[in-house]
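Structural characterization, general
Letter by letter, the chains look like this.
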There are 2 protein chains.
Amino acid sequence: MTKLFEPAGCRVDLRTGAMSDATGAYQKRFRDLAGLYADEAAFSAMQETWNDTVVYEVSEFRPNERTGDLIFGVTRMLPGKVGEEYFVTRGHIHKQSDRPEIYYGQKGRGLMLLESPEGEVRVVAVDAQTVCYVPPYWIHRSVNIGGDELVMLFCYPADSGQDYDCIAKAGGMRARIIDDGRGGWKQIDNPNWRMRDAATVAALYGREKKEENA
Amino acid sequence: MTKLFEPAGCRVDLRTGAMSDATGAYQKRFRDLAGLYADEAAFSAMQETWNDTVVYEVSEFRPNERTGDLIFGVTRMLPGKVGEEYFVTRGHIHKQSDRPEIYYGQKGRGLMLLESPEGEVRVVAVDAQTVCYVPPYWIHRSVNIGGDELVMLFCYPADSGQDYDCIAKAGGMRARIIDDGRGGWKQIDNPNWRMRDAATVAALYGREKKEENA
């Protein structure tokens with residue numbers, strides 16, 4: 001008989017952005033985010049005071065990584081900018097690229113920046129009490145466009161995995177989210193972004209099948 | 001190339017318990033819940049005034065039912081009792097019984113009542129800002145133990161399906177949640193509950209394999 005996993009109740013603390021009864025956690029400090037932002041001079045200038053600061057952290061409940069199960073948790077992200085560009089997470093596509101994800105805004109003002117393998121761009125507001133559905137195959141990154149911490153619940157299939165390289169290999173994401181100078185945001189093009197070639201696009205769509213056949 | 005599904009942002013309205021941009025919704029009225037409660041005389045007595053009342057409703061975002069995708073939504077449930085027993089949802093096990101679910105309390109005071117195929121019982125509090133993880137193979141039902149509406153976000157794998165009969169066939173769930181007479185709740189045994197025989201238990205664990213082989 002299958003050994004049963006015990007039900008759990010995990011409390012989300014909106015003040016600290018942590019979740020009780022998590023099975024794990026990780027933190028990203030400012031120094032871990034080198035290369036994400038357009039304004040490298042601004043990044044360097046901030047390093048002296050910001051280098052060890054935890055810019056975002058994740059606490060998660062990960063029962064296992066079996067197909068059909070779920071992983072969920074909470075992300076807490078500081079407000080801030082590098083130059084005029086709002087703080088972002090590294091961003092990823094799922095290794096099993098047909099796996100989706102939901103993000104549920106809890107505190108602060110966030111955006112989900114999405115990019116298809118072919119380079120289509122979408123932006124979804126993730127304010128408190130808004131669920132963002134990230135469909136299969138979309139690269140996605142969170143952006144804190146507010147003056148307060150951004151706290152979001154997330155949930156994704158346990159066998160999804162994360163591929164962070166797909167963004168770096170394209171010179172970043174196609175769009176950047178910057179301060180519009182009036183307390184809001186605007187989307188601009190990233191001049192370093194390179195359109196993926198057909199083989200790369202096909203691999204992003206077909207990766208899970210390649211692994212099954214490997 | 002795979003046709004991409006569009007990203008979405010769904011706002012949860014805590015006042016109405018509805019979710020914007022839902023792809024569907026359903027309601028359960030009092031008359032739909034006949035047979036769930038121990039006190040049949042109390043149920044009959046309530047029918048005249050309650051029969052058409054929507055006791056709980058669900059609005060959901062269901063992109064598809066493909067393995068690896070996700071369905072999510074919001075449940076809103078009235079407060080109340082039938083006799084001394086708090087209002088409950090019908091409850092289910094997933095047709096693909098190895099599929100889990102998460103419930104995230106948003107408003108009110110809820111419990112998740114869980115039962116394994118062998119009849120183990122668990123109770124998890126689902127207060128606001130608490131995530132309940134329902135692991136694979138657990139039958140589960142929501143209970144509103146508060147004086148206010150219970151609102152919860154839920155998320156489960158898109159290929160889960162629901163089997164509602166497993167509860168009725170056993171004479172209900174093994175435990176009932178009743179008013180303890182002091183504004184709280186207590187768990188009592190349901191005398192009508194019948195232990196499942198070995199073949200029924202095995203079918204609940206192995207159902208998804210039988211369907212694959214069918």
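As annotated in UniProt, chain A is Putative glucose-6-phosphate isomerase 1 from Rhizobium meliloti. Recorded under Catalytic activity, the UniProt text for chain A is reproduced unchanged: "alpha-D-glucose 6-phosphate = beta-D-fructose 6-phosphate". If you open the UniProt record of chain A and go to Subunit, you find "Homodimer."

1. Considering the relation of the copies chain B and chain A
The operation relating chain B to chain A is a screw motion whose rotation component is 180 degrees, with 0.0 Å of axial translation and a residual RMSD of 0.0 Å. Considering both components of the superposition, the chain copies are consistent with a two-fold axis. Most of the interface of chain B is mirrored in chain A, where 100% of its interface residues again form contacts.

2. Comments concerning the pattern of salt bridges
The final tally for this structure, using the stated rule, is 32 salt bridges over all chains. With a shortest N-O distance of 2.6 Å, R62 of chain A and E65 of chain A are connected by a salt bridge. Its relative accessible area of 27% is what places R62 of chain A among the partly exposed residues. Residue E65 of chain A is classed as exposed on the basis of its relative accessible area of 54%. Here the salt bridges do not stand alone but share partners, grouping R66 and D69 of chain A together with D98, R99 and D159 of chain B into one network.

3. Examining the packing of aromatic side chains
All names here are of chain A. Applying the stated criterion across every chain yields a total of 27 aromatic pairs over all chains. Between the aromatic rings of F30 and F43, the centroid separation amounts to 4.3 Å while the plane-to-plane angle is 15 degrees, which identifies the pairing as stacked. Of the two residues, F30 is situated in the loop between β3 (24–29) and α1 (40–50) and F43 in helix α1; the sequence distance between them amounts to 13 residues. Exposure class is identical for F30 and F43. Each is buried. Members of the aromatic cluster, connected to one another through ring pairs, are F30, Y37, F43, W50 and F87. Above the plane of the ring of Y164 lies R90, whose end atom (NZ or CZ) is 3.8 Å from the centre.

Rules of the game
Residues numbered from 1 in each chain as written. Chains lettered and ligands numbered in written order. Predicted model: local features only at pLDDT ≥ 70, side-chain atom pairs only at ≥ 80, totals over all residues. Heavy atoms only, no water. UniProt positions renumbered as here; feature names shortened; annotations may be inferred. Least-squares fit on C-alpha atoms with pLDDT ≥ 70 in both. Contact = heavy atoms within 4.5 Å. Salt bridge = Lys/Arg side-chain N within 4 Å of Asp/Glu carboxyl O. Buried < 20%, exposed > 50% of the residue type's maximum accessible area, 1.4 Å probe, protein only. Phe/Tyr/Trp six-rings, centres within 6.5 Å; stacked < 30°, edge-to-face > 60°. Helix = DSSP H or I, 4+ residues; strand = E, 2+ residues; numbered from the N terminus. Lys NZ or Arg CZ within 6 Å of the ring centre and 35° of its normal.

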